[in-house]
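Architecture and fold: a report
Below, each chain spelled out in residue letters.
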Amino acid sequence: MISDLLLLEFDEEAKKTRAMLERVPLKADYTPHPKSMPLGKLAPHVAELAGFGLTILTTPELDFGSAPRERLPFVSPEQLLKAFDEGAAKVRAALKNTPDEAWTESWKLSFQGKPIFSGSRFLAYRQMFMNHVVHHRAQLGVYLRLNDTPLPATYGPSADDRMGF
């Protein structure tokens with residue numbers, strides 16, 4: 001089953017994302033550049049992205065303009081981890097129960113009716129969800145580095161976690 005293969009990747013990426021969120025400093029207003037998202041928005045965004053993955057796996061489309069939602073506030077790393085763990089558990093369960101034929105179904109993302117993405121559920125899951133998580137996790141890693149916070153290993157050891165190299 002396709003989902004069995006994707007579960008292996010999901011579990012690894014979730015573990016890496018969780019390790020990054022564990023280290024988020026309490027500096028909500030920090031930005032490395034005036035055009036950058038503040039840490040107090042970026043870290044909660046990473047923590048709550050699982051909700052987007054769940055939407056991709058369980059609905060045929062999402063219009064950001066007609067789906068009002070409350071953003072996760074930035075309170076503490078523990079609060080971010082709780083939100084992340086809850087969301088990841090829901091995505092994992094939905095992923096496990098997604099039949100092979102569902103991966104070729106159409107999925108659409110729009111904003112107030114204007115298309116952002118249109119393609120298969122598989123592409124939406126990989127591009128719009130998993131790649132999105134990895135992108136923002138890497139961005140979070142830059143913020144941590146610039147705040148002298150040791151980085152966890154991701155795709156091999158970090159400079160802070162050389163594992164004897």
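Our structure is the block above this text.
Structure report, in brief.

What counts, and where the lines are drawn
- One numbering rule holds for all chains: residues counted from 1, following each sequence as written.
- A pLDDT threshold of at least 70 governs which residues receive local features in this predicted model, and a stricter bar of 80 or more applies before side-chain atom pairs are shown or counted, although totals over entire chains, interfaces and linings include all residues.
- The side-chain numbers reported here are obtained from all heavy atoms of the structure, hydrogens and water having been left aside.
- Going along the chain from the N terminus, every DSSP run of H or I of four or more residues is numbered as a helix, and every run of E of two or more is numbered as a strand.
- Values of the radius of gyration come from C-alpha atoms, whereas the globule rule sets the reference at 2.2 Å times the count of residues to the power 0.38.
- Throughout, exposure labels follow a simple rule: accessible area from a 1.4 Å probe, protein chains only, divided by the maximum for the residue type, with under 20% read as buried, over 50% as exposed, and the rest as partly exposed.
- The contact criterion used throughout is that any non-hydrogen atoms of two residues lie within 4.5 Å.
- Strand pairing follows a simple DSSP-based rule, namely that at least 2 bridges must link the two strands.
- Orientation is described by lines fitted to C-alpha atoms, with helices fitted over the stretch in contact, and by angles between N-to-C directions that extend from 0 to 180 degrees.
- Roughly parallel covers angles under 35 degrees, roughly antiparallel covers those over 145, roughly perpendicular covers 65 to 115, and oblique covers all other angles.

**Some remarks on the overall build of the protein chain**
Helix and strand content of the protein chain: 5 helices and 3 strands. The C-alpha atoms of the protein chain give 17 Å as radius of gyration, which agrees with the globular expectation for 165 residues (15 Å, within 12%). For the protein chain, the C-alpha atoms occupy an extent of roughly 45 × 40 × 25 Å along the three principal directions. Expressed as a percentage of the 165 residues in the protein chain, the buried residues total 40%. Within the protein chain, contacts between residues at least 6 apart in sequence are counted, and of these 71% link residues at least 24 apart.

**Brief notes about the environment of Thr17**
With respect to the helices and strands, the residue Thr17 is situated in helix H1 (residues 2–21). The class for Thr17 is buried, based on a relative accessible area of 1%. Taking C-alpha positions, Thr17 is 9.6 Å from Leu140, a pair spaced 123 residues apart along the chain. Setting aside anything within four residues of it in sequence, one finds Thr17 in contact with Val46, Phe84, Val133 and Arg137.

**What to know about the pairing of strand E2 (residues 106–111)**
Where a strand is regular, its side chains alternate between the two sheet faces. Bridging between strand E1 (residues 61–63) and E2 involves 3 bridges; their strand directions are parallel. Paired with Glu61 across the strands is Lys108, a residue of E2. Across 6 bridges, the pairing between E2 and strand E3 (residues 114–120) is antiparallel. Note on E3: the bridge partner recorded for Lys108 is Ser118. What sits between E2 and E3 in their antiparallel hairpin is a turn of 2 residues, with Gln112 showing a positive phi close to 50°.

**Side note on the packing of H1 against helix H4 (residues 77–96)**
Relative to each other, H1 and H4 sit at 180°, their axes nearing to 11 Å. Overall, the two elements H1 and H4 adopt an arrangement that is roughly antiparallel. Across the interface between the two elements, Ser3, Leu6, Leu7, Phe10, Asp11, Ala14, Thr17, Arg18 and Leu21 from H1 touch Pro77, Leu80, Leu81, Phe84, Asp85, Ala88, Val91, Arg92, Leu95 and Lys96 from H4.

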